[in-house]
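# What the coordinates show
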2 protein chains.
Amino acid sequence: MKEKTGKVETDPSTEEKIKNAARTIFHKKGFAGTRTRDIAEEAGINLALLNYYFRSKEKLFGLIMMETVQGFLKSMTDVFNQKDTTLETKVEHLVSNYIDLLTEHPNIPIFILSELRNNPEEVVSKMKMKEFLMGSYFFQQMQEAMQEKRIAQVHPLHFIMNILGMTVFPFIAKPMLTAVGDMQEENFNALMQQRKKLIPQWVKSMLATG
Amino acid sequence: MKEKTGKVETDPSTEEKIKNAARTIFHKKGFAGTRTRDIAEEAGINLALLNYYFRSKEKLFGLIMMETVQGFLKSMTDVFNQKDTTLETKVEHLVSNYIDLLTEHPNIPIFILSELRNNPEEVVSKMKMKEFLMGSYFFQQMQEAMQEKRIAQVHPLHFIMNILGMTVFPFIAKPMLTAVGDMQEENFNALMQQRKKLIPQWVKSMLATG
DNA sequence: GTCTATAACGTGATAGAC
DNA sequence: GTCTATCACGTTATAGAC
């Protein structure tokens, strides 16, 4: 038994083992590409147990999807409505949060977005993104930043897309880069760490450009 | 019969109808999520005919995947090795090409990248991206541009990721934006048209930043 | 070339013993 | 709670008539 943060580290419960296995496989292969047998094997348990705990593949998938989306959005919500930080700081935190999250779980973006493609309303409708995004203090700060510079106004959404695009896209395109550019896992991660500093700088210069 | 570019417009052959249907469905649902029955129905033919022409689902999929990737890369290859255009012009063309392509076929990026996630080597190995990218004149021009400014050197790959990220990511995230931000299809497309001019400007300011 | 009918197989889910 | 064995169904692929 190993000690960790003062708690005894027990073996994960069967339910937990199944969920962990499901997360791994679903993230990698998507709903349609996943067989419940694979999840059971990955979890080291029997197929019947999966249905015993989670009733059906769909139920289990829904659970994983919800947790995944929540985790992904948390990196945003944590930052977007801080009242006492500058825009620059928010961008730094946002980029840093996502690069850390995606370095550890690189499959999340494709997983979410490719499943979203099938049932756009199902998942998204629960998230109230519009109020969350357009009503956020972050959004307001962006508009102010552009007004100060007296530059041609562009929709703040453009900058959101840029930040997320520059941050998230490399992880989405990672299979291309690693499989092709004879880029090793470590090299890729090193590049991503560099981007924690680079992206905020670029965003700053873009905001000045308009 | 309608005339078009001097050619008589005939009905597409059965083979062509099946391929068109397959492209539509595969792009939308991926390999695992697609049923050959759906392709047959979309093509308005019988299921048996699909196997008569293409032997198997896998064969048909491989064909569609190859054509799709080629079409996607063509927008790059067309631009990357032009010797007589400036870096700025190349970026403009690249961005414009992709925004036009993706406006018409918005599912292509998720399709390619989510299928790539399953068999990275299969598809990618045939493309020799490394030589193509790192050896391109475009790549060289980027390095020169940075040297001129005497700024801290960053790997040119960062800028490639930025350009593709800013250009492609919005289409990948489109389901989120449209389903949530009560963003209409037309509004989205209008934003993308704006980006044809904006992205090259931003890239320019980024290159000056380093 | 195109169809209907059906074979062959894989997968999700359950029954029932322990 | 956990397992083995099996059912029930959907899907790919093919046989064979036209």
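Going by the structure above, here's the rest.
This report concerns the structure included in the present document.

Conventions used here
- Along every chain, residues carry numbers that run from 1 in the direction the sequence is written.
- Naming scheme: in the order in which they are written, chains are lettered from A and ligands are numbered from 1.
- Residues qualify for local features only when their pLDDT is at least 70, as the model is predicted, and side-chain atom pairs are given and counted only at 80 or more; totals for whole chains, interfaces and linings, by contrast, use all residues.
- In computing side-chain properties, one takes all heavy atoms of the structure into account and sets aside hydrogens as well as water.
- Only buried residues count toward a nonpolar core. Its members are Ala, Val, Leu, Ile, Met, Phe, Trp, Tyr and Cys residues joined through side-chain atoms within 4.5 Å.
- Relative accessibility decides the category of a residue: with a 1.4 Å probe and only protein chains considered, values under 20% of the type maximum give buried, values over 50% give exposed, and everything between is partly exposed.
- Whether two residues are in contact is decided by their heavy atoms: any pair within 4.5 Å suffices.
- Accessible area, probed at 1.4 Å, shrinks when two parts are joined; the buried area is that loss added up over both.
- The working definition used for a salt bridge is a side-chain nitrogen of Lys or Arg within 4 Å of a carboxyl oxygen of Asp or Glu.
- Pairing of N or O atoms within 3.5 Å defines a polar contact, subject to two protein rules: one partner must be a possible hydrogen donor and the other a possible acceptor, and residues neighboring in sequence count only if both atoms are side-chain atoms.
- Strands here are runs of E lasting at least two residues and helices are runs of H or I lasting at least four, both read from the DSSP assignment and numbered beginning at the N terminus.
- The pocket and cavity definitions rest on a 1 Å grid over protein atoms only: a 1.4 Å probe that fits but cannot leave marks a cavity, an open set with protein on both sides within 12 Å along at least five of seven lines marks a pocket, and residues lining either have an atom within 4 Å of a point.
- Grid points are joined across faces, edges and corners, and a volume is the space filled by probe spheres set on the points.
- Charged residues are taken to be Asp, Glu, Lys and Arg, nonpolar residues to be Ala, Val, Leu, Ile, Met, Phe, Trp, Tyr, Cys and Pro, and polar residues to be all remaining types, Gly included.
- By convention in this text, a residue qualifies as near a molecule or strand provided that one of its non-hydrogen atoms is within 4 Å of it.

Ranked by size, the top nonpolar core spans 138 residues in total, and within it I39(A), L60(A), I39(B), L60(B) and F72(B) carry the most contacts. Apart from the residues lying within four places of it in its own chain, the contact partners of L60(B) are I18(B), K19(B), A22(B), F26(B), I39(B), L50(B) and F54(B).

To continue, consider the interface of chain A and chain B. Counting from both sides, the interface comprises 55 residues of chain A and, opposite them, 54 residues of chain B. A per-residue breakdown of the area chain A buries against chain B is headed by R117(A), F169(A) and M176(A), which together make up 16% of the total. Counting every contact that joins chain A to chain B gives zero salt bridges. Along the contact surface separating chain A from chain B lie 12 residue pairs in polar contact (both at pLDDT 80 or more). Elements represented by at least two residues in the side of chain A that touches chain B include exactly α1 (14-33), α6 (108-116), α7 (120-124), α8 (129-134), α10 (156-172), α11 (174-180) and α12 (185-209) of chain A. Among the elements that take part in the side of chain A that touches chain B, α10(A) stands out by supplying 12 residues, more than any other.

Under the defined criterion, the tally for this structure stands at two cavities of 30 Å³ or more. Taken together, 22 residues make up the lining of the largest cavity; nearest its centre are A173(A), M176(A), L177(A), M129(B) and L164(B). Ranked by residue count, the leading element in the lining of the largest cavity is helix α10 (residues 156-172) of chain B, at five residues. Partitioning the lining of the largest cavity into residue classes produces 20 nonpolar, one polar and one charged.

Of all residues adjacent to DNA strand C, which total 16 residues, the nearest are R35(A), T36(A), K57(A), N46(B) and Y53(B). Near the protein, within 4 Å, the atoms of DNA strand C are sugar or phosphate in 55% of cases. Between a phosphate oxygen of DNA strand C and a side-chain N or O atom of T36(A), the distance comes to 2.8 Å. The separation between a phosphate oxygen of DNA strand C and a polar side-chain atom of N46(B) is 3.0 Å. Those elements giving two or more residues to the surface near DNA strand C turn out to be α2 (36-43) and α3 (47-54) of chain A together with α3 (47-54) of chain B.

The next thing to look at is the pattern of salt bridges. Residue and element names in this part refer to chain B. For the structure shown, the criterion picks out 14 salt bridges over all chains. Between K74 and D78 there is a salt bridge whose closest N-O contact spans 2.9 Å. Placement of the pair is K74 and D78 together in helix α4 (residues 57-80), with a separation of four residues, close to one helical turn.

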